[in-house]
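# What the coordinates show
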Amino acid sequence: AAFLLNSCTKSYKCSCTFVDSAGNKQTQTIGAMTTTKSKAQKECNDHGNQYKPVGGSVLSCQLY
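The sections below set out a description of the structure shown in this document. (Residues numbered from 1 in each chain as written. Predicted model: local features only at pLDDT ≥ 70, side-chain atom pairs only at ≥ 80, totals over all residues. Heavy atoms only, no water.)

## Considerations on the overall build of the protein
- Secondary structure summary: the protein contains one helix and three strands in total.
- Helices and strands in the protein line up, N terminus first, as β-β-α-β.
- Out of the 64 residues in the protein, the part that is buried amounts to 27%.
- When contacts within the protein are restricted to residue pairs at least 6 apart in sequence, long-range pairs at least 24 apart make up 55% of them.
- Within the structure as shown, the protein displays about 4,500 Å² of accessible surface, and the carbon and sulfur contribution to it stands at 51%. (Helix = DSSP H or I, 4+ residues; strand = E, 2+ residues; numbered from the N terminus. Buried < 20%, exposed > 50% of the residue type's maximum accessible area, 1.4 Å probe, protein only. Contact = heavy atoms within 4.5 Å. Areas by Shrake-Rupley, 256 points an atom, 1.4 Å probe, with all protein chains shown as cover.)

So, in structure tokens, the structure goes:
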């Protein structure tokens, strides 16, 4: 039987690391997204873009 890993829903957490305009790093975590991995990654990236500091940037957003 064929089994597609990407169609399974799991509980994911997302950790985003930001750098503000002064060069300070800050990490934010969002948790308990029960969805597919691809949707969780998109939500994680969207969260990073939504909450990045003014004049700063998103270093990374990763699922775990």
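So, next bit.
## Focus on helix α1 (residues 37–51)
- A rise of 1.5 Å per residue sets the reference length of α1, with its 15 residues, at 21 Å; its end C-alpha atoms lie 21 Å apart and thus fit the reference within 8%.
- Tucked into the core, α1 has its buried residues touching β1 (10–19), β2 (25–35) and β3 (57–63). (Expected span 1.5 Å × (residues − 1).)

## So, the pairing of β1
- In terms of residue burial, β1 counts as a mostly covered element, since seven of its ten residues are buried.
- Across six bridges, β1 lies against β3 in antiparallel orientation. Residue pairing for β3: Ser15 is matched across the bridge by Gln62. (Pairing = 2+ DSSP bridges.)

## Looking at the state of the cysteines
- Summed over the entire model, instances satisfying the criterion amount to two disulfides.
- Disulfide pairing places Cys14 opposite Cys44 at an S-S distance of 1.9 Å. With the S-S bond torsion at 75 degrees, the cross-link from Cys14 to Cys44 turns out right-handed. Remark: Cys44 occurs in helix α1 and Cys14 occurs in strand β1; sequence separation between them is 30 residues.
- The disulfide bridge from Cys16 ends at Cys61, spanning 2.0 Å between sulfur atoms. The disulfide joining Cys16 to Cys61 has a torsion of about 115 degrees about its S-S bond and is therefore right-handed. (Disulfide = S-S within 2.5 Å.)

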